[in-house]
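Summary of structural features
Below, each chain spelled out in residue letters.
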Amino acid sequence: MKTEILKVDPVEPENWQIGKAASFVNAGGLVVFPTETVYGIGADAFNEGACRKIFEAKGRPGDNPLIVHVSSIEMAQEVGELPQEYIDRIRRVWPSPVTFIVKANKRIPKTVTGGLGTVALRMPAHPVALALISKSGCPIAAPSANPSSKPSATNAGQAIKYFDGKVDCIIDSGRAFFGVESTVIDLDSFTILRPGPFTFDEIGNAFGQKPHISEVTRGRRLSGTAVSPGTKYAHYAPDTRMLLFERDAASLAEVIDGIEDMPPFAFIGSNESCGLLSKEAGCSTIALGSAANLYEVAKNLYDGIIALDSLKVKLGISESFDENGVGLAIMNRLRKACSGASFWDHAGLVKLLES
Ligand code: TXA
Ligand code: MG
């Protein structure tokens, strides 16, 4: 398939380019487009055949439902039932990197909802995404633009690497703003299902009530020694094995010290920690940004994980970040990228290396 690549200004999208992309959506095609979080791979949400193609292009399991993107509250109401008690709050919060799970309308195909009876709805805060949805005149179902289990594309170059020849059109608007996917919140139980750039506190403030959040979603630090890797959590994962170091980066050199067959590894972490470890542990490093600005770290996170595979190392060791604010989303992604494999001390690392 020939993929048309359209350069579009991220802030002032050119009408004629958006028109071209929308015509692919209206013809039942697949369009990769930028949002403020990550790139999405989209199709007309009411066109079941088109939505099925998304699953094929991603190699996505059919029971993992898609997020439906809208450009107005009225459009959202065609897709799902926004609860009366929350509608004013939703109006105030959208557009933003937050997705609401609500009861699905019958018109929305089962392919999109996974037959759950609920639907994920989001109004993205990105001029290009909003223009594309408005111009198409239909809600756009779009998961993140990545082959299933790989890190999401946060820039057009990565989206092109993943999907050139597999979709009708890729919109190139440079980098996504946040770099991690939207916060997903189930409005029925008022529970965060996936942390994202719209933080726990921001939801609490916007809705006047604190959301629930499970310990697993929260990505709470696990104390003690190594936790065994859980392969079923593989997601956002590079081909190279990745481990999470649960302690402050400064102590890593000491933890590694004395391990005879320590494989060549790269450290993934903040600029500050990378500076320290390249000196003290002599390893290669992938710097994600300053620890003082976790938005910067989030923005560079997936590119960092993807870069690991090009370094010709046997192992990636990632730093743990503060779980406040957007840090919660970063840690949630890192734990999955590491398939839950984390260590705390020398013995924990040795055990993981032997497994
Ligand atoms: O930022 C984002 O949300 C990006 C951009 C493209 O908008 N999209 C995205 O989509 O991350 P995806 O498909 O990669 O993630 C959607 C998440 C999945 O974890 C899925 O299981 C969950 O939302 N989800 C979708 N529909 C659901 C539903 N009805 N109930 C519970 N979870 C749902
Ligand atoms: Mg995804």
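Within every chain, residues take consecutive numbers counted from 1 along the sequence as written. Labels follow written order: the first chain is A, the first ligand is 1, and so on. In keeping with the model being predicted, local features are shown solely for residues with a pLDDT of at least 70 and side-chain atom pairs are shown and tallied solely at 80 or more, while totals for entire chains, interfaces and linings include all residues. To get the side-chain values, all heavy atoms of the structure are used, and hydrogens and water are removed first.

1. Concerning the site of ligand 1
Residues are classed as near a molecule or strand on a simple rule: at least one heavy atom within 4 Å of it. Close to ligand 1 lie 23 residues; Thr37, Arg60, Asn64, His69 and Ser182 are nearest. Think of a polar contact as two N or O atoms within 3.5 Å of one another; within protein, one of them needs to be a possible hydrogen donor and the other a possible acceptor, and neighboring residues in sequence only count if both atoms come from side chains. For ligand 1, an oxygen atom lies 2.8 Å from a polar atom in the side chain of serine 144. Here the open area of atoms and residues is found with the Shrake-Rupley method and a 1.4 Å probe, where only the protein chains shown may cover a residue. Contact with the protein chains hides 87% of the accessible area of ligand 1, taken as 680 Å² for the molecule alone. Of all the elements in the fold, those that place two or more residues in the shell around ligand 1 are β4 (67-69), β7 (118-122) and β11 (191-194). Put simply, DSSP marks the helices as runs of H or I at least four residues long and the strands as runs of E at least two long, and each gets a number from the N terminus on. When residues of the shell around ligand 1 are assigned to their parent elements, the largest contribution, four residues, is made by β7. All residues other than Ala, Val, Leu, Ile, Met, Phe, Trp, Tyr, Cys, Pro, Asp, Glu, Lys and Arg, Gly among them, are scored as polar; the first ten of these are nonpolar and the last four charged. Split into classes, the residues belonging to the shell around ligand 1 amount to 12 nonpolar, seven polar and four charged.

2. Observations concerning the domain arrangement of the chain
The domain limits used here are those given by an automatic or database domain assignment. By the assigned domains, the chain splits into domain 1 (4-218) and domain 2 (241-354). Relative placement of domain 1 and domain 2: their C-alpha centres are 30 Å apart. With 24 residues of domain 1 in contact, the opposing surface of domain 2 contributes 16 residues. By buried area we mean the combined loss of accessible area, with a 1.4 Å probe, across both parts when two parts are placed together. Both faces combined, the contact of domain 1 with domain 2 buries some 1,600 Å², and carbon together with sulfur accounts for 57% of it. Salt bridges are defined as contacts in which a side-chain nitrogen from Lys or Arg sits within 4 Å of a carboxyl oxygen from Asp or Glu. There are one salt bridge connecting domain 1 and domain 2. Any two residues having at least one pair of non-hydrogen atoms within 4.5 Å are treated as being in contact.

3. Details of the pattern of salt bridges
Per the counting criterion, the structure on display carries 10 salt bridges. For lysine 150, the salt bridge is made with aspartate 239, and the minimal N-O distance between the two is 2.9 Å. One end of the pair, lysine 150, is in the loop between β8 (140-141) and α7 (156-163); the other, aspartate 239, is in the loop between α9 (215-218) and β13 (241-245), and 89 residues separate them in sequence. Using a 1.4 Å probe on the protein chains alone, a residue whose accessible area is under 20% of its type maximum counts as buried, one over 50% counts as exposed, and one in between counts as partly exposed. On the basis of relative accessible area, aspartate 239 is assigned to the exposed category, the value being 64%. In this structure, glutamate 246 and arginine 335 form a salt bridge, with 3.2 Å as the shortest nitrogen-oxygen distance. With glutamate 246 in the loop between β13 and α10 (252-256) and arginine 335 in helix α13 (residues 327-337), this pair connects stretches of sequence that are 89 residues apart. Exposure class is identical for glutamate 246 and arginine 335. Each is buried. A single network of salt bridges, built from pairs that share partners, joins Glu246, Glu323 and Arg335.

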